Amino acid sequence: QTFSNRLHTTTGDLIVSNGTLRLTGNTTFAKAKRLYVGPNGTFLQDSIGTGVFSGLERIEIDGKFTVGDGLLSGFPIGTAALVLGKDAELTAGENEQLSFASLTVDGVRLPTDEYTPATLPQLKRGTLRIVAEPSAGVWTGLGDEDTSIRNAANWTGDDPDFASGG
């Protein structure tokens, strides 16, 4: 099945249980919250649309998932959770990087890091970067004379780590 040049308003889950779903042209699913590709499914992201999946909170892959060269801008950067099954296949464009807030592989949560096909068997091409999840710190503005958002003294709780983004 190929979707081309259509703005979809789906607000729940987008599930590819079997067969192939290919997005082309300006196709978007900007309001979908979860994308699941089953063991017998293949998902091909070839859409040039802006914010193709800007609302995604979670991507779960047990089948095959491929993002065409130069088309990474369609995904939320560093905010969605990525869950890969044991036999999942994730392919990004050559020399391109996908960023997610968390990574779980075969039920095991992996640490914040950068992964390549050499370090993550499910990744077939490209780079996968897992960024620190947002901090639970609360703004107080009590950083003496430096009330900059960059000053950790202006936060309570889990102080943000501005070097890693968490």
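Higher on the page you've got the structure.
Residues numbered from 1 in each chain as written. Predicted model: local features only at pLDDT ≥ 70, side-chain atom pairs only at ≥ 80, totals over all residues. Heavy atoms only, no water.

A few words on the pattern of salt bridges. Two side chains carrying opposite charge are able to pair once their charged atoms lie near each other. The full count for this structure, using the stated rule, is 4 salt bridges. Note that Asp-13 is salt-bridged to Arg-34, the shortest N-O span being 2.8 Å. Here Asp-13 is found in strand E2 (residues 13–24), whereas its partner Arg-34 is found in strand E3 (residues 34–45), with 21 residues between them in sequence. Given a relative accessible area of 42%, Asp-13 falls into the partly exposed group. Arg-58 serves as the salt-bridge partner of Glu-60, at 2.7 Å between the closest nitrogen and oxygen. On the basis of relative accessibility, which here comes to 36%, the residue Arg-58 falls in the partly exposed class. (Salt bridge = Lys/Arg side-chain N within 4 Å of Asp/Glu carboxyl O. Helix = DSSP H or I, 4+ residues; strand = E, 2+ residues; numbered from the N terminus. Buried < 20%, exposed > 50% of the residue type's maximum accessible area, 1.4 Å probe, protein only.)

Backbone geometry places Asn-5, a non-glycine residue, at a positive phi of 55°. Relative to the helices and strands, Asn-5 is located in the loop between strand E1 (2–4) and E2. At Asp-106, a residue that is not glycine, the phi angle is positive and equals roughly 50°. Within the secondary structure, Asp-106 is located in the loop between strand E9 (102–105) and strand E10 (108–110).

Turning our eyes to something else, we now look at the nonpolar core. Formed by 31 residues in total, the largest nonpolar core has its most connected members in Phe-43, Phe-53, Ile-61, Phe-65, Leu-82, Leu-103 and Leu-128. Looking at this core, the elements that each hand over two or more residues are E2, E3, strand E4 (58–61), strand E5 (64–67), strand E6 (81–84), strand E8 (97–100), E9 and strand E13 (127–130). It is E2 that provides the largest number of residues to this core, a total of 4 residues. (Core = buried A, V, L, I, M, F, W, Y, C linked by side-chain atoms within 4.5 Å.)

Let us now look at the packing of aromatic side chains. Pairs of aromatic rings are described using the distance from one ring centre to the other and the angle between the two planes. Under the counting rule described, the total for this entry stands at 4 aromatic pairs. Ring geometry for Phe-29 versus Phe-53: centroids 6.1 Å apart, planes at 10°, classification stacked. With Phe-29 in the loop between E2 and E3 and Phe-53 in the loop between E3 and E4, this pair connects stretches of sequence that are 24 residues apart. Assessed through its relative accessible area of 3%, Phe-29 is described here as buried. (Phe/Tyr/Trp six-rings, centres within 6.5 Å; stacked < 30°, edge-to-face > 60°.)

Here we come to the side chain of Gln-122. Its location among the elements puts Gln-122 in the loop between strand E11 (114–115) and strand E12 (123–125). Under the relative-accessibility criterion, Gln-122 is labelled buried at 7%. With near-sequence residues (within four places) excluded, Gln-122 lies in contact with Leu-84, Gly-85, Lys-86, Ala-88, Glu-89, Leu-90 and Val-105. (Contact = heavy atoms within 4.5 Å.)

The alternating pattern of E6 places Ala-81 and Val-83 and Leu-82 and Leu-84 on opposite faces, both of which are buried. Two elements, E4 and E6, share 4 bridges in a ladder whose sense is parallel. Residue pairing across strands places Ile-59 opposite Leu-82, the latter belonging to E6. Pairing between E6 and E9: 4 bridges, direction parallel. Along E9, the bridge assignment pairs Leu-82 with Leu-103. (Pairing = 2+ DSSP bridges.)

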